[in-house]
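Residue strings, one per chain:
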Amino acid sequence: MIINILKHSLRALNRQKGYVLINIIGLSIGIACSLVITLFIAHELSYDQFNEKKDRIFQLVLNGKIGGQEMNTNSTCAPIGPTMLKEFPEVENIARMNIWGETIIKNNEQSFTENAFIEADSTFFNIFTVTLISGDMRTALNAPHKLVLSKTAASKVFGKENPIGKALKVGTDSVFYTVSGVMEDLPKTSHFDANMIGSFVTNDRANDSQWTSNSFGTYILLKPNSDPKVVDAKIIELIKKYVGAEIQKYLGITLEDFFSKGNKYRMYLQPLTAIHLNPEVGQESKAPNDPKYLIIFGSIAFLIIIIASINFMNLSTAQASRRAKEVGIKKVSGSSRGMLIWQFISESIILTFVSLIVAVIIIKLSLPFFNNLLHANLELNFFDSWVSIPSLILLSIFVGLLAGSYPAFYLSSFSPYAVLKGTLRNSMKNGKLRSVLVILQFTISIILIIGSTIMFHQINYMVNKDLGFNKEQLVVIRRAEVIGNKVNAFKEAIMKIPGVVNVAASTAVPGHSNNHNGYMMEGRGGETYLLQTAWVDYDFFETYGMKINSGRNFDEAHTTDKDVCLINERAVKQFSITSPLTTRIINPSDDPSKPDFLPIIGVINDFHFESLRSEISPYIFKFKNKGSNWGYISIRVSSGSSGGVLKEIEKVWKEFTSNDPMQYFFMDNDFDRLYTEEKQSANLSVLFTFLAILIASLGLFGLTSFTVEQRTKEMGVRKAMGATVSSLFILISREIILLVCISTLIAWPIVYFISKNWLQNYHYRISLPLFDFLLGFIIAIIIAIITISYRTIKSAMLNPSESLRYE
């Protein structure tokens, strides 16, 4: 019976080649889009899943609020991990980590830039599932200046030589590191990168006992069956015991008084597998992704499948008149309705399987494009998991049933008497359900069009908004510490290069803030205030084009300016400073009776030092003394400068650094990287919107063809009675235009609600423009008219004598 049903299905499909082709194209594009998005979502959800102990590994998170400023970060103090290991019986092991990022590695006279250098405790390999190819995991990182290389890094630095025991110079450290191990490359789905791991005990602050200085990541491995909530509760007591003592020491108040002023200071455990999709917690290595985008993409995938399925339903029911006689004859010949239902569903599933094969080919060919677009490493491997192929089969069956169930029940319901008598044909011309389905298709398409447009306008707004500083024509050199105390001499040499306008040294630059510090204010008791902190030189504000709202800049003529500060407008407003130029900030010190005063000498106009997702927060600028050699050197070049200026800068750099590679970036490009996720999402949304419209247009074209075919004789009669081609075109197209208008009215409130909620993620955002909503309607109308024009005009131009002979 099943074989007979399949034979009948294949014969039926063979007689409907145009219908089959349109459906295969629509379904294959829909399935391909859905599979790509599924691959991406699976890729995002797979982060850190490779760790065998993943369910017992937690990252310690600091959640603090000081002076109205809140922070949520993975940066913690050095002593908390070892203390938890000592005092908490639930803790099996801990590992601390310090992300260096980009640094210079030297092997004799060869220099290499390493982008993923970290420091980690010797317990790193006991916690994370990283295979050590050579070396002993117990001793690989147990002493200062030991170094473990990834397989790729070892090959890059040493080629085919055995690296074990070899010495390397790392950064500016005068003591060479000894290679003590080689490990397998970390999977791309690790939430941190590490090509080289130096021993954490090398760090001067590894044994730091200060609890309020937070610079390191801390990972906790709990014992089996331990409850993380119990550990979280114990951390509260730990904070009271150790942080409370330091609050008392530095601020002169108890922890209870500190909390009573609205401040907050707590730590909690975050599961390892939750890190990558939790943007609420700042990470030093890879920036987390927002799970909202996975929901958006998943919704788009589902909507595209719906559009493709609607195509199938519409085309199947539209051509019912063609298949009515087939149904009537089969019923008269003894076929039951159940057999006919299974035949039509079989046709749908066969079409879906063929579409799946085409979709897989499309994905295989387009995967490099999507990997480049998404900055991911998506792979279509059918044999990595036993569930892959069964999942694809189930997807085909699901789509086949979704698309084919209604047409199957509809077509099988025809009465043989009505079919053979000819009374069924006229009853099928209303097509109310088809109209509803077309409305649904265009509603989805208009939502996608307007949503993508709003997304692009928000990105354009963020990229082009006045940031409060001039990001153009700025070259920023990393690793200023390499120059040491010769910064001023280096600046003078750079200023001699034609095309260089200004040079400044600082510990932070916009997009790369690295210090949150707590301060007090004279005359305000024990109240504390959290400010972003940067140490800058005399030329910083001029180099960045930042404007001083009141007061003045640091000035060499004032010998006391090395012990003063400037703050931004946000600090003045948020901390209610009525007379900033007569106010003194207090640096917390070991002896509260001898405060370290920093008089405010100027107020800087607010500027964006982070993404526009975040509100501008209070900022303090302190003078960069000779001891603060780390950070950045920013060079402003004239707008007409050529690449020759950069070569001259590199030449001077090498003279001052013994031929070290110069690591630099352009501020405009670097600041734009903050919106990489938004740009990827917008590009993907536009692509899938285009494909959704293409699928809907294919369906509309097929539907128009059948509609025109049914009304050919009517059009011939009208033309014989004097109707023009344009009037016939309007006759056919006005129904479609009406459906698009209804779709627009349905789509507008939906997309308004979705877009308004999405824009809440950005503190600085566009208002929802009416033009974007009108644009969605206009594009949908134009697409609909273009789609139906060819078939409608061709039929309208037929000679009435040919039209009247039709049917």
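Not measured: the values here are computed from a predicted model. (Residues numbered from 1 in each chain as written. Predicted model: local features only at pLDDT ≥ 70, side-chain atom pairs only at ≥ 80, totals over all residues. Heavy atoms only, no water.)

Caption draft 1: Inspection of the overall build of the chain at higher detail. What the chain contains, in helices and strands, is 24 helices and 22 strands. A total of 807 residues make up the chain; the buried ones form 53% of that total. In the chain, the share of contacts with a sequence separation of at least 24, taken over all contacts with a separation of at least 6, comes to 79%. Accessible surface, the chain as shown: approximately 36,000 Å² in total, 57% of it carbon and sulfur. (Helix = DSSP H or I, 4+ residues; strand = E, 2+ residues; numbered from the N terminus. Buried < 20%, exposed > 50% of the residue type's maximum accessible area, 1.4 Å probe, protein only. Contact = heavy atoms within 4.5 Å. Areas by Shrake-Rupley, 256 points an atom, 1.4 Å probe, with all protein chains shown as cover.)

Caption draft 2: Representation of unusual backbone geometry in the model. Phi is positive for Gln-473, which is not a glycine, with a value near 60°. Here Gln-473 shows up in the loop between α14 (432-464) and β12 (474-477). A positive phi angle, near 60°, is found at Arg-479, a position not held by glycine. Looking at the secondary structure, you find Arg-479 in the loop between β12 and α15 (487-495).

Caption draft 3: The side chain of Asn-51, seen in detail. Relative to the helices and strands, Asn-51 is located in the loop between α2 (17-45) and β1 (57-66). A polar atom in the side chain of Asn-51 sits 2.9 Å from the backbone nitrogen of Thr-129. In contact with Asn-51, other than residues within four places in its own chain, are Ile-57, Phe-128, Thr-129 and Leu-272. (Polar contact = N/O pair within 3.5 Å; in protein donor to acceptor, adjacent residues only side chain to side chain.)

Caption draft 4: Focus on helix α22 (residues 725-759). Spanning 35 residues, α22 covers 47 Å between terminal C-alpha atoms, matching the ideal 51 Å at 1.5 Å per step. By the largest-angle criterion, Ser-733 marks the main kink of α22, which is about 35°. (Expected span 1.5 Å × (residues − 1). Bend = angle between axes of the 7 residues up to and from the residue.)

Caption draft 5: Inspection of the pairing of β12 at higher detail. The alternating pattern of β12 places Leu-474 and Val-476 on one face and Val-475 and Ile-477 on the opposite face, and all of these are buried. Strand direction decides the pairing type here: β12 and strand β21 (residues 632-637), joined by four bridges, are antiparallel. Bridging from a neighbouring strand, Val-476 pairs with Ser-634 of β21. (Pairing = 2+ DSSP bridges.)

Caption draft 6: The packing of aromatic side chains, seen in detail. Using the criterion set out here, one finds 36 aromatic pairs in the structure. When the centroid spacing of 5.4 Å and the interplanar angle of 75° are considered together, the rings of Phe-128 and Phe-192 count as edge-to-face. Of this pair, Phe-128 sits in the loop between α4 (124-127) and β5 (132-134) while Phe-192 sits in the loop between β8 (177-183) and β9 (196-199); the two residues are 64 residues apart in sequence, bridging distant segments of the chain. Of the aromatic side chains, those joined through ring pairs into one cluster are Phe-469, Phe-540, Phe-541, Tyr-544, Phe-607, Phe-609, Tyr-619, Phe-621 and Phe-671. We note Lys-234 situated over the ring of Phe-88; from NZ or CZ to the ring centre the distance is 5.9 Å. (Phe/Tyr/Trp six-rings, centres within 6.5 Å; stacked < 30°, edge-to-face > 60°. Lys NZ or Arg CZ within 6 Å of the ring centre and 35° of its normal.)

Caption draft 7: Quick look at the pattern of salt bridges. This structure, assessed with the given rule, holds 17 salt bridges. Its salt-bridge partner being Lys-264, residue Glu-70 comes within 2.9 Å of it at the nearest N-O pair. One end of the pair, Glu-70, is in strand β2 (residues 69-73); the other, Lys-264, is in strand β11 (residues 264-271), and 194 residues separate them in sequence. With a relative accessible area of 47%, Glu-70 lands in the partly exposed category. (Salt bridge = Lys/Arg side-chain N within 4 Å of Asp/Glu carboxyl O.)

Caption draft 8: Structural detail: the environment of Asn-568. By secondary structure assignment, the location of Asn-568 is in strand β17 (residues 565-568). In sequence terms Asn-568 and Asn-605 are 37 residues apart; their C-alpha atoms lie 5.9 Å from each other.

Caption draft 9: Summary view of the pairing of β9. Residues Met-196 and Gly-198 point to one face of β9 and Ile-197 and Ser-199 to the other, with burial holding for every one of them. Pairing geometry for strand β4 (residues 110-120) and β9, over four bridges, is parallel. Bridge pairing in β9 places Ile-118 opposite Ile-197. Bridging between strand β6 (residues 146-150) and β9 involves three bridges; their strand directions are antiparallel. Along β9, the bridge assignment pairs Leu-147 with Gly-198.

Caption draft 10: Here's a closer look at the packing of helix α3 (residues 80-87) against helix α6 (residues 228-251). Packing of α3 against α6 leaves a shortest axis separation of 12 Å and a crossing angle of 115°. Relative to α6, the crossing made by α3 is right-handed. Each of Ile-80, Thr-83, Met-84 and Glu-87 in α3 lies in contact with α6, whose residues at this interface are Val-231, Ile-235, Leu-238, Lys-241 and Tyr-242. Residue classes in the contact of α3 with α6 are distributed as six nonpolar, one polar and two charged. (Axes fitted to C-alpha atoms, helices over the stretch in contact; angles between N-to-C directions. Left-handed = near helix turned anticlockwise from the far one by under 90°. Nonpolar A, V, L, I, M, F, W, Y, C, P; charged D, E, K, R; others polar.)

Caption draft 11: Representation of α6. Along its length, α6 reaches its greatest deviation from straightness, about 35°, at Val-243. Buried residues of α6: Val-231, Ile-235, Leu-238, Ile-239, Val-243, Gly-244, Glu-246, Ile-247, Tyr-250 and Leu-251, and no others. Its buried side turned inward, α6 meets β1, α3, β10 (217-222), α7 (255-260), β11 and β14 (516-521). Where α6 starts, the residue carrying a side-chain oxygen 3.0 Å from the main-chain nitrogen of Lys-229 turns out to be Asp-227. Looking one or two places after α6, you find Gly-252, whose phi comes out positive at around 75°.

Caption draft 12: How the structure looks around the nonpolar core. Of all hydrophobic cores here, the largest spans 108 residues; its most connected members are Phe-541, Tyr-544, Phe-554, Phe-621, Met-667 and Phe-688. Among the elements that take part in this core, α14 stands out by supplying 14 residues, more than any other. In this structure Phe-621 touches Ala-534, Val-536, Phe-540, Phe-541, Phe-554, Val-564, Cys-565, Leu-566, Ile-604 and Phe-607, once residues within four positions along its chain are discounted. In this structure, Met-84, Phe-88, Leu-255 and Tyr-265 belong to the second largest nonpolar core, which totals 30 residues. (Core = buried A, V, L, I, M, F, W, Y, C linked by side-chain atoms within 4.5 Å.)

Caption draft 13: Quick look at the packing of α15 against helix α18 (residues 643-656). Where α15 meets α18, the closest approach of the two axes is 10 Å, and the angle between their N-to-C directions is 150°. Comparing their axes, α18 and α15 come out roughly antiparallel. Of the two possible hands of crossing, α15 and α18 adopt the one that is right-handed. Between α15 and α18, the residues in contact are Ala-489, Phe-490, Ala-493 and Ile-494 and Ile-649, Val-652, Trp-653 and Phe-656, respectively. (Parallel < 35°, antiparallel > 145°, perpendicular 65-115°, else oblique.)

Caption draft 14: Just the environment of Ile-732, in detail. As for its position among the elements, Ile-732 is in helix α22. Since its relative accessible area comes to 6%, Ile-732 is described here as buried. Along the primary structure Ile-732 and Ile-793 are separated by 61 residues, whereas in three dimensions their C-alpha atoms are 9.6 Å apart.

Caption draft 15: Quick look at the environment of Gly-282. Within the secondary structure, Gly-282 is located in the loop between β11 and α8 (291-318). As for Gly-282 and Leu-62, which are separated by 220 residues in sequence, their C-alpha atoms are 9.8 Å apart. Setting aside chain neighbours within four positions, we find Gly-282 in contact with Asn-72, Thr-73 and Asn-74.

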